[in-house]
Protein chains: 2
Amino acid sequence: MPNTSYYELQNFTFKNGARLASAKLAYFDINPTATKIALVSTCFKGRLNKTLNFSSGAFKDHRVIVVALFGNGESSSPSNTRDFPESLSYEDCVRAQYKFLSEGLGAKELDVACGFSMGGQMAYHWSILYPDFVKNAVVICSSARTSRHNYQFLEGPRTALEWGVDYPEALRAMNEKRDGGRERGGEVPKCIQAFGKAYSAWLTSAEWFDDELYKEMGFKTLEEWDNNNIKKGYVGWEVEDLLSLLGMWQRGDISFGGNLEDALGKIQAKVLLMPCESDQYFRPGPNIREAKSIQHAEVAVIPSVWGHIAGGGDNDVDTQWMDKRIAQFLQQ
Amino acid sequence: MPNTSYYELQNFTFKNGARLASAKLAYFDINPTATKIALVSTCFKGRLNKTLNFSSGAFKDHRVIVVALFGNGESSSPSNTRDFPESLSYEDCVRAQYKFLSEGLGAKELDVACGFSMGGQMAYHWSILYPDFVKNAVVICSSARTSRHNYQFLEGPRTALEWGVDYPEALRAMNEKRDGGRERGGEVPKCIQAFGKAYSAWLTSAEWFDDELYKEMGFKTLEEWDNNNIKKGYVGWEVEDLLSLLGMWQRGDISFGGNLEDALGKIQAKVLLMPCESDQYFRPGPNIREAKSIQHAEVAVIPSVWGHIAGGGDNDVDTQWMDKRIAQFLQQ
């Protein structure tokens, strides 16, 4: 596993007007002597070391930069930065990453912007904000604009967390730890477990549950999978980081409130859209519609019952399928 | 609207061993002079007066009995009965309804057991528990056994409620009111609103949200629909009633932990299964599989983007489609 590096941005102003004297981006720099850059952004509740980066496959000849979203707890986030902006936007992350690549690494272009889920929305936002800079975009289980259905599903976990019985306590504990106080011990707060419960049935697909595919992840029963998900799966995650990421996701829209087709038409990059056929919220339909408005786009639907997480690396078969498909896309 | 009548069951013993000296079933008796009986059970969060009963259409020649599930707040429920059993099962509801029909109304047979969602699971449980008594079953947006996916989705709202910031207060208020104290005023408790939020994106379909079909329900924006749903949609609903119904739903299984195909094979009734093609949790697939094991079954998939609630009466076109399809089924 590579070391985590940090790029510092001085006096960084966010879209909502907030300014940080020092913001940082956490990243991995894999195969740093290669010329062409592939940039992979983390997903919701994603850490650098859990992010699928294709550096042994489709991106093996690239310098692979895996970069953490603001709010993920590794880059600047509510849990590690005082006076962190109250709302984040993908533009903030893309602008910071552009500064990092162009000024920090001296890059003249980005060969591939890639990501899964929120990371895929990052690749889309990269393509629209720096159309001359991005050559290729690989968008996995994601969309150009967060759908109303996706927005509404996220309202469930959000509300379960914010109105959870121990949310005030979890917030206080996060702030104390950030300010140098003691670390909170013990279980994941109930409000975060409730968040995880309200999220859990969306992660995969109805077929995945029917076929008991949690057994392939090493869990004997649904209950065991569920318990692991809400208890171990959220260890180290802080309430405001989850909410900060979630808000950015809900507001995701490469047209920034305008006409989506027009925005898609302005993308210069060659785009590979890879939805999963059984994804319950980032569904193939919208990607297929989006592709029609993009100058150079193709859609490759991941044939899997693993739903959304097919794109995140949880199932080897799907990961290999994507890896091959991305390699093929880049070789064209 | 008919008057609500009550049937009293003395010394009723529930499956979990609890006994009530007096349990009651709330019901509507529509067209009481007709000979053949159609029994329609309420759904989750369903009241008698909101239950689609087809009494002007497919069941116009029937005596239509609309009956409230235990736990719905009209029949015996945690909110109106001290020492209510801690867990309910569909068997409890079916056994009580059978006593009501056979002893209360003197019925020798039930021409149609019908219901939507949990009401559909009731029709299924009726068919397996009293196979000689039920002639036809109409199962709308439902299943013979609650799927793991469905079970897991319900864990979200359940946990949001039980770990909600004001759950203890809402429980206390419910108990005080039940015991003759003052009625709680003001807003729906936050824990119930969080329940509603975590449930909301499941109700319809992704297409429904994309197409902004909440506008057909009279709401100008998604936010307006959402607010109405969690604030007005849950007025009068008490925490333990919701949890009681939800647990019964999660445990729904006409094989009672046994072999589902064997159980389905024992059904004597002619069965009409009507899933909606875009339902996100009671999906067509399981109904199609179930039908293969039932002696006399047909599946008619509701062609609608209204998802689960297509079967509940929220969209007139779907209601008319079902009404015609049920009439056709009964005339065969």
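Here we summarise the structure given alongside this text. Everything numeric in this text was worked out from a predicted model, so none of it was measured.

Digging into the overall build of chain A
For chain A, the count of helices and strands is 11 helices and eight strands. For 332 residues, the compact-globule formula gives about 20 Å, and the C-alpha radius of gyration of chain A, at 19 Å, lands near that figure. Counting only C-alpha atoms, chain A reaches 50 × 50 × 40 Å along its principal axes. For chain A, buried positions account for 59% of its 332 residues. In the form shown here, chain A has an accessible surface area of approximately 13,100 Å², with 44% of it arising from carbon and sulfur atoms. Taking the average place of the 36 positive charges on the side chains of chain A and the average place of its 42 negative ones, the gap between the two points comes to 3 Å.

A look at the packing of helix H7 (residues 222-232) of chain A against helix H3 (residues 148-162) of chain B
In contact at an axis separation of 12 Å, H7(A) and H3(B) are set at 35° when each is read in the N-to-C sense. Note on packing geometry: the crossing formed by H7(A) with H3(B) is right-handed. For the pair H7(A) and H3(B), the contacting residues are Leu222(A), Trp225(A) and Asp226(A) in the first and Arg148(B), Tyr151(B), Gln152(B) and Glu155(B) in the second. The residue makeup of the contact of H7(A) with H3(B), split by class, is three nonpolar, one polar and three charged.

A short note on the relation of the copies chain B and chain A
Mapping chain B onto chain A is achieved by rotating through 180° and translating by 0.0 Å along the same axis, at an RMSD of 0.0 Å. Expressed as an axis order, the relation between the two copies is that of a two-fold axis. Judged by C-alpha distance, Val165(B) is the residue of chain B that lies nearest the rotation axis, at 1.9 Å. Mapped onto chain A, 100% of the interface residues of chain B again fall at the interface, so both copies present the same surface.

A word on the interface of chain B and chain A
Across the boundary between the two partners, chain B contributes 35 residues, which contact 35 residues of chain A. Of the roughly 3,000 Å² buried between chain B and chain A on both sides combined, carbon and sulfur atoms contribute 61%. Across the chain B-chain A interface, the total number found is eight salt bridges. Among the salt bridges present, the one from Lys197(B) reaches Glu155(A), with a minimum N-O distance of 2.4 Å. For the side of chain B that touches chain A, the secondary structure elements donating two or more residues are H3, helix H5 (190-200), helix H6 (206-210) and helix H7 (222-232) of chain B. Of the residues forming the side of chain B that touches chain A, the biggest block, 10 residues, is contributed by H3(B). Taken together, the residues of the side of chain B that touches chain A break down into 14 nonpolar, 10 polar and 11 charged.

A few points about the sheet that holds strand E2 (residues 19-30) of chain B
Residues and elements named next belong to chain B. With mixed pairing, eight strands are arranged side by side in an open sheet as E1-E2-E4-E3-E5-E6-E7-E8. Looking at the sheet topology across the chains shown, the edges are occupied by strand E1 (5-13) and strand E8 (297-299). The sheet shows a mean angle of 20° between the axes of neighbouring strands, taken without regard to direction. Here strand E5 (residues 110-116) pairs with strand E6 (residues 134-140) via six bridges, running parallel. Counted as the bridge partner of Cys114 is Val138 from E6. Strands strand E3 (37-41), E5, E6 and strand E7 (270-274) of the sheet are contacted by helix H2 (residues 118-129), whose axis makes an angle of about 150° with E5.

A look at the pairing of strand E1 (residues 5-13) of chain A
Where E1(A) lies against strand E2 (residues 19-30) of chain A, eight bridges are found, and the strand directions are antiparallel. For Phe12(A), the partnering residue across the bridge sits in E2(A) and is Leu20(A).

Examining the pattern of salt bridges
Under the counting rule described, the total for this entry stands at 36 salt bridges over all chains. Here Arg63(A) ties to Asp29(A) by a salt bridge, and the two come within 2.7 Å at their closest N and O atoms. Of this pair, Arg63(A) sits in strand E4 (residues 63-67) while Asp29(A) sits in strand E2, and the two are 34 residues apart along the sequence. With a relative accessible area of 16%, Arg63(A) lands in the buried category. In this structure Asp29(A) comes out as partly exposed when scored by relative accessible area, which is 21%. Across the pair Glu298(A) and Arg325(A) runs a salt bridge whose closest N-O atoms are separated by 2.7 Å. Linking Glu298(A) in strand E8 (residues 297-299) with Arg325(A) in helix H11 (residues 316-331), this pair joins segments that are 27 residues apart in sequence. Taking the relative accessible area as the measure of exposure, Arg325(A) reaches 15% and is therefore buried. When salt bridges with common partners are traced through the structure, they connect Glu155(A), Arg158(A), Glu162(A), Lys197(B) and Asp226(B) into a single cluster.

Each value, and the rule that gives it
- Residues numbered from 1 in each chain as written.
- Chains lettered and ligands numbered in written order.
- Predicted model: local features only at pLDDT ≥ 70, side-chain atom pairs only at ≥ 80, totals over all residues.
- Heavy atoms only, no water.
- Helix = DSSP H or I, 4+ residues; strand = E, 2+ residues; numbered from the N terminus.
- Rg over C-alpha atoms; globule rule 2.2 N^0.38 Å.
- Buried < 20%, exposed > 50% of the residue type's maximum accessible area, 1.4 Å probe, protein only.
- Areas by Shrake-Rupley, 256 points an atom, 1.4 Å probe, with all protein chains shown as cover.
- Lys, Arg positive; Asp, Glu negative; His and termini not counted.
- Charge placed at Lys NZ, Arg CZ, Asp CG, Glu CD.
- Axes fitted to C-alpha atoms, helices over the stretch in contact; angles between N-to-C directions.
- Left-handed = near helix turned anticlockwise from the far one by under 90°.
- Contact = heavy atoms within 4.5 Å.
- Nonpolar A, V, L, I, M, F, W, Y, C, P; charged D, E, K, R; others polar.
- Least-squares fit on C-alpha atoms with pLDDT ≥ 70 in both.
- Buried area = accessible area lost by both parts, 1.4 Å probe.
- Salt bridge = Lys/Arg side-chain N within 4 Å of Asp/Glu carboxyl O.
- Pairing = 2+ DSSP bridges.

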